[in-house]
Amino acid sequence: MSKKNVAVSLILAGTVLLSACGSNNDTSSSPATPESAAPTESTAGMKLEILSGNVGGKTPEGNTKFAQAISDKTGLDVTLDKPASDYDQKVLTALSSGAKYDLIEVSDLAKLDAFFNQGVVTDLTDFVQSSKVLSDPAVIPTGEWDQLKGPDGKIYGVFSKFQGATMPIVRKDWLNKLNLQEPKTLDELYTILKAFKEEDPDGNGQADTYGLSTSGLYDIQGIMSSAGLKYRYVMEDGKRTIPYATDAAIPMYEWFAKLVKEGIMDPNFITNDTAKMRNLFLTDRVGMVTYWDAWVGMFNNLKKQEDANTAFQAAGMVSLEAADGTIIMRRGDPDFWIIPANAPHPEAAKKFLEFWNTEDGIILGSLGVQDLDYIVDSNGYSLTETGKEANMDHGVPYWYNSTVKPLFPALPGVEEAMALSKQYATLELSLSTWPDAEKIVTNYALKAMAGQMPAKDAVEQMQKELKAANLID
Amino acid sequence: MRMIKKNSIFYVMMFPVIIYFALFAYYPLVKGLQTSFQDYKLMGERPYIGFDNYNQVLHDPSFWDALWNTLYIGGGILIFGFIAPLILALSLNEVMKSWFKKTAQLVLYVPHLLSWVVIGGIFIFLLSPDSGLVNLLLIKIFGIQPINFMAEETWARMIMIGSAVWKDMGYNCILFLAGIAGISPTLYEAARMDEATRWQQVHYVTLPQLMNTMKVILLLNTLGIFRIFDQIFVMRNPAIASKVDVLMVYTFQKGIMEIRIGPAAAASFFVVLFTLLLTSVVRKMTRFDEV
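Here the structure is a predicted model, which is why all the values come from computation and not from measurement. (Residues numbered from 1 in each chain as written. Chains lettered and ligands numbered in written order. Predicted model: local features only at pLDDT ≥ 70, side-chain atom pairs only at ≥ 80, totals over all residues. Heavy atoms only, no water.)

**What about the interface of chain A and chain B?**
Of the residues lining the interface, 40 residues belong to chain A; the matching set on chain B comes to 34 residues. Of the roughly 3200 Å² buried between chain A and chain B, counting both surfaces, carbon and sulfur atoms make up 57%. At the boundary of chain A and chain B, one finds 3 salt bridges. Between Lys447(A) and Glu153(B) there is a salt bridge; the shortest N-O distance is 2.3 Å. Applying the counting rule to chain A against chain B returns 11 residue pairs in polar contact (both at pLDDT 80 or more). Of all the secondary structure elements, the ones that give two or more residues to the side of chain A that touches chain B are α1 (3–21), α3 (87–97), α4 (109–117) and α16 (434–450) of chain A. Broken down by element, the residue count for the side of chain A that touches chain B peaks at 7 residues, all from α16(A). Here the residues of the side of chain A that touches chain B sort into 14 nonpolar, 19 polar and 7 charged. (Contact = heavy atoms within 4.5 Å. Buried area = accessible area lost by both parts, 1.4 Å probe. Salt bridge = Lys/Arg side-chain N within 4 Å of Asp/Glu carboxyl O. Polar contact = N/O pair within 3.5 Å; in protein donor to acceptor, adjacent residues only side chain to side chain. Helix = DSSP H or I, 4+ residues; strand = E, 2+ residues; numbered from the N terminus. Nonpolar A, V, L, I, M, F, W, Y, C, P; charged D, E, K, R; others polar.)

Structure, rendered in structure tokens:
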């Protein structure tokens, strides 16, 4: 046997040996069921390790103080790990390497589904139902828990905040200036967007404005609503359908292609990220974008901080109504906490979950840390400069608990926008095959919208590829 | 044994490096290989399933699309990323003014220092259909309609190849210039005595003497073909994804986005295998061992 062959044999043998020795975690792959649902033992001084993407301070120092504030209020010894970027990768690396956290923040229902299948999540049904705080419908409306149920009907997460919806946000001051009304139909919307493009709504004497900008296919939901089309999957008679890939979507894509051709739509809509889209809106370059309801208030507030006398006025708008009267708005996936199956201190985690939904927890999650983000004196609460920069968002800009009232007035326009969300917005159906289907749908939809291919051909191609890959029935 | 004892201090000095590579290169590699044969779950049992993950990957049309994209874009970068800096190095070598040569090298090298996040952002901005410099020039000079370079499939791969070549041109150029600087001046002197023209000096002296440097650069660039990731991740968008998504993006999507660790590990081992194969072919073709 040559030296090379000996070396190859040794490597293979070593690999097999290492494979055989590979540690298999003894934990069952099905979601863990704790023996005791409610926190029974004393948790004082118990450690609590949290991995969060949104909840926490805005700087490393602020984060340390935030963790200390949780410790002070709960009596737990809290460590808060909040990565500056690449949160999903950090979560995955932590879980696959066996790192132990008591709580992990998740913002994606598809992830909950994947974590359920991978044996990561703990069943919290008994805990939620027996918890005085969490089982109170005034704290979290009973129906909302359905969002956090696994395929087996059990609850695997606890909400970290109230998640709103995305909606068309329009420059109300431009509408007023051009004597236009909020659009109800596709034709009215076209007229308005064209006016935003051609009638110099910012008054700088230059044709430098666009009617509409988007940063992803989900952003056009408010307009696709006029054809009764919902994004992602819709189950019809037990069959998987994707409305954006049906013939009903053809005239809609043609409508967008017309906007692009006439220069009404921002031509960078394919390469835009949300930050670019927001900047266009804030710098008077575009009259309508689609974004979160909470951002209606933030847009107005940011412009007010820049110039107290600004004419800028953003307003949330309801989606266009379909012929049968349906209005479709897109509710965002909830932000929630999970207790991993390997959590070393699940009782401490449960104590935190209850605290997080009480007034103290909500004030911490919204305003931040006392004496850092806000101060309390004889005049009541007031924000510090650090607190103002944080925009009353330390992971909980809005919450479910109806017994806790906001300490500051809502930002301008946000209450009206949220009222629309609550009335019309519904969750999208995210099946495990959606990531593969999304690639096909977005690819052809964007080409049709950009006018790179006829809408009819684009939809035909979508259907062909989705069926071939067994992504629709 | 006596030699080992004699050089024992050097062996001790090698330990940190060996430990580093064992921990951060070979252990993850072996662990990844193990994962590729498992029904890998983040928690719980991870049973061995033979070649199922490899089978899944091989039957996924997206994998073959990604492989073709990798070969197209990687091949383009390999060819043009070799020729362009070579021409540049030969041209700069002809420049007599030392200050100009040094300044040109510095300017050309700067893009190599910048991350793809910066370079990608610059390209997206430059190629923007409404405010990008390229379109403004095209409209001004040729009076044509703006082209949405970053959203049209016809341009997508060319832009990826062009931007990658541009970014690393200065770095490879400096390697070539270092090789040229090492050529004995007596060879040029002899060529001049034989009345060789500048072009003949390049053809008969510079290029043959630069052969070893060229082999090293070609091999190093070949090793990188299947590892392209940052650039595509930053510059891709849904409209061009089917033409630019490469194998590493496929692996990322399977592993991180879809949390299918087993198939992702299998796909990454195909990357290792393809790299080994391609490198062996290039070594053979260039007779690298004769360097």
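**So, the confidence of the model for chain A**
The share of residues in chain A with pLDDT of 70 or more is 91%, and the mean pLDDT across the chain is 88. In this model, residues 4–40 of chain A is a region of pLDDT below 50 whose contacts with residues beyond four sequence positions or in other chains number 50 contacts. (pLDDT = per-residue confidence, 0-100.)

**Brief notes about unusual backbone geometry**
Look at Asn470(A): it is not a glycine, yet its phi comes out positive at around 55 degrees. Examined against the element boundaries, Asn470(A) turns out to sit in the segment after α17 (455–468).

**Description of the nonpolar core**
Residues and elements named next belong to chain A. Membership of the largest hydrophobic core comes to 70 residues, with the highest contact counts inside it found for Phe115 and Phe352. When residues in this core are grouped by element, the largest group, 6 residues, is from helix α12 (residues 346–356). Residues in contact with Phe352, not counting those within four places in the same chain, are Leu48, Ile50, Ile70, Leu76, Leu103 and Trp337. Among the nonpolar cores identified, the runner-up in size contains 57 residues, and Ile223, Leu229, Leu320 and Leu471 belong to it. (Core = buried A, V, L, I, M, F, W, Y, C linked by side-chain atoms within 4.5 Å. Buried < 20%, exposed > 50% of the residue type's maximum accessible area, 1.4 Å probe, protein only.)

**Details of the domain arrangement of chain A**
Interface size is commonly expressed as the accessible surface area that is lost when the partners come together. Residues and elements named next belong to chain A. If you check the domain split of chain A, you get domain 1 (47–162 + 334–400) and domain 2 (165–331 + 427–469). Taking the mean C-alpha position of each, domain 1 and domain 2 sit 32 Å from one another. A buried area of about 690 Å², summed over both sides, lies between domain 1 and domain 2, and 50% of it is on carbon and sulfur atoms. Of all residues in domain 1, Gln147, Asn391 and Tyr398 give up the largest surface area on contact with domain 2, accounting jointly for 46% of the area buried on that side. Between the two partners, domain 1 and domain 2, sit 1 salt bridge. (Domains from an automatic or database assignment.)

**Focus: the environment of Asn53(B)**
All names here are of chain B. On the secondary structure map, Asn53 appears in helix α3 (residues 52–58). The buried category is assigned to Asn53, whose relative accessible area is 3%. Taking C-alpha positions, Asn53 is 21 Å from Thr70, a pair spaced 17 residues apart along the chain. Looking at Asn53, its side chain comes within polar contact range of the main-chain oxygen of Ser36, at 3.0 Å.

**Looking at the UniProt feature "domain: ABC transmembrane type-1" (unreviewed entry) in chain B**
Per the UniProt record, "domain: ABC transmembrane type-1" (unreviewed entry) is annotated on residues 67–282 of chain B. In residues 67–282 of chain B, helix accounts for 80% and strand for 0%; the two terminal C-alpha atoms are 18 Å from one another. (UniProt positions renumbered as here; feature names shortened; annotations may be inferred.)

**Points about the packing of aromatic side chains**
Each aromatic ring pair is described using two quantities: the centre-to-centre distance and the angle formed by the ring planes. Residue and element names in this part refer to chain A. Under the counting rule described, the total for this entry stands at 39 aromatic pairs over all chains. Between Phe116 and Tyr156, the ring centres sit 5.3 Å apart and the planes meet at 65 degrees, which makes this aromatic pair edge-to-face. Residue Phe116 is located in helix α4, and its partner Tyr156 is located in the loop between α5 (125–130) and β4 (158–159); the two are separated by 40 residues in the primary sequence. Accessibility classification places Phe116 together with Tyr156 in one group, the buried group. When the ring of Trp337 is compared with that of Phe352, the centres are 5.4 Å apart and the planes differ by 90 degrees; the resulting orientation is edge-to-face. Pair noted here: Trp337 is in strand β12 (residues 336–338) and Phe352 is in helix α12, with a separation of 15 residues, a long-range link. (Phe/Tyr/Trp six-rings, centres within 6.5 Å; stacked < 30°, edge-to-face > 60°.)

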